[in-house]
Amino acid sequence: MKTTNHDLAPKKTDTRGLPQRWWMLLYGVAMVFLGSCSLVPAKTFETRQSDTQPQETIEPNQGIVPPPIFSSSGDPNFVVKVVQNVGPAVVRIDSSRTITSRVPDEFNDPFFRRFFGDAAPQPRQRVERGSGSGFIINSSGQILTNSHVVDGADRVTVILKDGRTFDGKVLGEDPVTDVAVIKIDANNLPTLSVGNSDALQPGEAVIAIGNPLGLNNTVTSGIISATGRSGRDIGASDKRVDYIQTDAAINPGNSGGPLLNARGQVIAMNTAIIRGAQGLGFAIPINTAQKIAQQLIATGKVDHPYLGVQMVTLTPEIKEKIRDSAGDRLKLTADEGVLLVEIVPRSPAAVAGLRVGDVIKSINSQPVTKIEEVQKLVENSKIGTKLPIQVERNGQIVQIAVQPAALPVRREG
């Protein structure tokens, strides 16, 4: 579910006389977000630059000293032991896809063919390549990685730390959470033990292993900087994940690699960084990744509940902006809640009768004041089962039952 764009980027709707997309005035420029995978063609959180472009060099700040991290045993070399134990279960994933350029329709017109003949442009193909990371979750060859590492790939190659190379088969991928599972034809492989990401606390020591910028088996370390970062917090509002933030160095190519605790248990999967920032890496909690992986292994896909709305958290500042923009066309009396700013045509929300200007006060009898709370409650609902939603409309409380459908997932190219 998106946060400001909940569920799906909508088509144009009837906003009852309001200026089209007036709600866009409510926010400034979104934070630039970078998927931490060096795969150029695969889906990431922003448009990738060409591999041929020079890397931006950041001069080190001599005044910044990374904080030391220690294990619970007090062993200053605990990172070495962790890497020795789990390193063989971390893999490199190379992928490629063939892109065919499209010839403009005008050149297929007989009039143009008369003049250009065989000299008319022809479709051209090019191969785009990239690499990321992953880790083995089953000794029989199941590997966890990011969806954007393998999305659209014609070929996936998995390289183990010992140098062995295998063709990988994508069992399934879920772009909504950015999780994918790959299978290779191998047995008796080393695996990672799994920790509990729900019990993490800021300040805990963590270790990242991956293949940033083609540098295989790179190890970095740091701490958990924060937990529960929403997609909206980091500029990825289309992702239904509460991210773990870390200051362990993560770079393009680390995508899909493990974030480990001091005991060598994987507690998250590295997935994103913010361009231009230092010490701001983000990872998908392993409890979330495992849940998605189990569904991908079982069915090859994941269905997410979908309402079909765009929404914003109502604050005094936003309420004032809406009044200035909409005037008397929108009677907004609520001071808090989640304001619906657009409804996708023929969506579950539209069918149930939700309207632009409604303010969600509760879902399934649980009060909500933020879009993140709505996101979690909808994600935990059941597709096809009616979900009671209480809204404030023109100063009146209205009860509406919405029956979530499966989220329509858009894929790139």
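Note that the structure is predicted; figures quoted are calculated from it, not measured.

**Examining the overall build of the chain**
Scanning the chain for helices and strands turns up 7 helices and 21 strands. Put simply, of all contacts in the chain between residues at least 6 apart along the chain, 69% involve residues at least 24 apart.

**Describing helix α1 (residues 78–86)**
Among the residues of α1, Phe-78, Val-79, Val-82, Val-83 and Val-86 are the ones counted as buried. Viewed along the axis of α1, the buried residues span an arc of 135°, placing them on a single side of the element. With respect to the buried face of α1, the exposed residues turned more than 90 degrees away are Gln-84 and Asn-85. For α1, the secondary structure elements touched by its buried residues are β2 (90–100), β8 (205–210), β9 (218–229) and β11 (258–260).

**So, the sheet that holds strand β4 (residues 142–145)**
For sheets, the rule is that strands pair by backbone hydrogen bonds, running either parallel or antiparallel. Taken together, 6 strands build a closed barrel; the order of strands is β2-β3-β4-β7-β6-β5 and the barrel is antiparallel. This sheet shows a mean twist of 40° between the axes of neighbouring strands, independent of strand direction. Inspection of the sheet shows strand β3 (residues 125–138) paired to β4 by 3 bridges, in the antiparallel sense. Bridged to Ile-136 within β4 is Ile-143. Most of the contacts of helix α4 (residues 286–299) go to strand β7 (residues 179–183), to which it runs at about 55°, and overall it touches β3, β4, β6 (165–174) and β7.

**Describing the environment of Ile-159**
Here Ile-159 lies in strand β5 (residues 155–159). By relative accessible area, which is 23% here, Ile-159 ends up partly exposed. As a C-alpha pair, Ile-159 and Arg-92 span 67 residues in sequence and 5.1 Å in three-dimensional space. Aside from chain neighbours lying at most four places away, what touches Ile-159 is Val-91, Arg-92, Asp-94, Arg-164 and Thr-165.

**Describing the pairing of β6**
Sheet topology places β5 next to β6; 4 bridges connect them, and they run antiparallel. Residue pairing across strands places Val-158 opposite Phe-166, the latter belonging to β6. Between β5 and β6, which follow one another and run antiparallel, lie 5 residues, and Gly-163 among them has a positive phi close to 100°. Relative to β7, β6 is paired through 5 bridges, and the arrangement is antiparallel. By the bridge assignment for β7, Asp-174 is matched with Val-179.

**Notes on the side chain of Ser-347**
Tracing the chain through its elements places Ser-347 in the loop between β16 (338–343) and α6 (348–352). A residue is classified by how much of its surface remains accessible, and Ser-347, at 2% relative accessible area, is buried. Among all residues touching Ser-347, those that are not within four sequence positions of it are Tyr-306, Leu-307 and Gly-308.

**Brief notes about the pattern of salt bridges**
Taken as a whole, this structure holds 9 salt bridges when the rule is applied. Lys-376 is the partner of Asp-242 in a salt bridge, and the nearest nitrogen-oxygen pair spans 3.2 Å. With Asp-242 in the loop between β9 and β10 (243–246) and Lys-376 in helix α7 (residues 371–379), the pair connects residues that are 134 residues apart, well separated along the chain. Relative accessible area serves as the criterion here: at 27%, Asp-242 is assigned to the partly exposed category.

**Brief notes about α4**
Over its 14 residues, α4 runs 20 Å from end to end, which matches the ideal 20 Å to within 8%, given 1.5 Å per residue. Among the residues of α4, those classed as buried are Ile-286, Ala-289, Ile-292, Ala-293 and Leu-296. The buried residues of α4 occupy one face: seen down the axis, they fall within an arc of 130°. Facing away from the buried side of α4, by more than 90 degrees, are the exposed residues Gln-294, Ala-298 and Thr-299. Buried residues in α4 make contact with β3, β4, β6, β7, β12 (266–273) and β13 (281–285). Residue Gly-300 follows α4 closely and has a positive phi angle near 85°.

**With respect to the environment of Ser-95**
Positionally, Ser-95 belongs in strand β2. With 62 residues separating them in the primary sequence, Ser-95 and Thr-157 have C-alpha atoms 6.2 Å apart. Within polar-contact distance, the side chain of Ser-95 engages the backbone oxygen of Val-149 at 3.0 Å.

**Here we look at unusual backbone geometry**
Look at Asp-178: it is not a glycine, yet its phi comes out positive at around 65°. Structurally, Asp-178 is set in the loop between β6 and β7. Its identity as a non-glycine residue notwithstanding, Asn-188 has a phi of 55°, on the positive side. Within the secondary structure layout, Asn-188 lies in the loop between β7 and β8.

**Observations regarding the confidence of the model for the chain**
Per-residue confidence for the chain gives a mean pLDDT of 79, with 74% of residues at or over 70. Overall, residues 1–62 carries pLDDT values under 50, and its contacts beyond four positions in sequence, including any with other chains, amount to 186 contacts. Below a pLDDT of 50 lies the segment residues 64–68, which in the model reaches 1 contact outside its immediate sequence neighbourhood of four places, other chains included.

**Let's talk about the side chain of Ser-197**
Relative to the elements of secondary structure, Ser-197 occurs in the loop between β7 and β8. A residue is classified by how much of its surface remains accessible, and Ser-197, at 9% relative accessible area, is buried. Within the local environment of Ser-197, its side chain forms a polar contact with the backbone nitrogen of Asn-287, the two atoms lying 3.1 Å apart. For Ser-197, the residues in contact, after removing those within four places along its chain, are Ile-244, Ile-267, Pro-285, Ile-286 and Asn-287.

Definitions and limits used
- Residues numbered from 1 in each chain as written.
- Predicted model: local features only at pLDDT ≥ 70, side-chain atom pairs only at ≥ 80, totals over all residues.
- Heavy atoms only, no water.
- Helix = DSSP H or I, 4+ residues; strand = E, 2+ residues; numbered from the N terminus.
- Contact = heavy atoms within 4.5 Å.
- Buried < 20%, exposed > 50% of the residue type's maximum accessible area, 1.4 Å probe, protein only.
- Arc of directions from axis to C-beta.
- Pairing = 2+ DSSP bridges.
- Axes fitted to C-alpha atoms, helices over the stretch in contact; angles between N-to-C directions.
- Salt bridge = Lys/Arg side-chain N within 4 Å of Asp/Glu carboxyl O.
- Expected span 1.5 Å × (residues − 1).
- Polar contact = N/O pair within 3.5 Å; in protein donor to acceptor, adjacent residues only side chain to side chain.
- pLDDT = per-residue confidence, 0-100.

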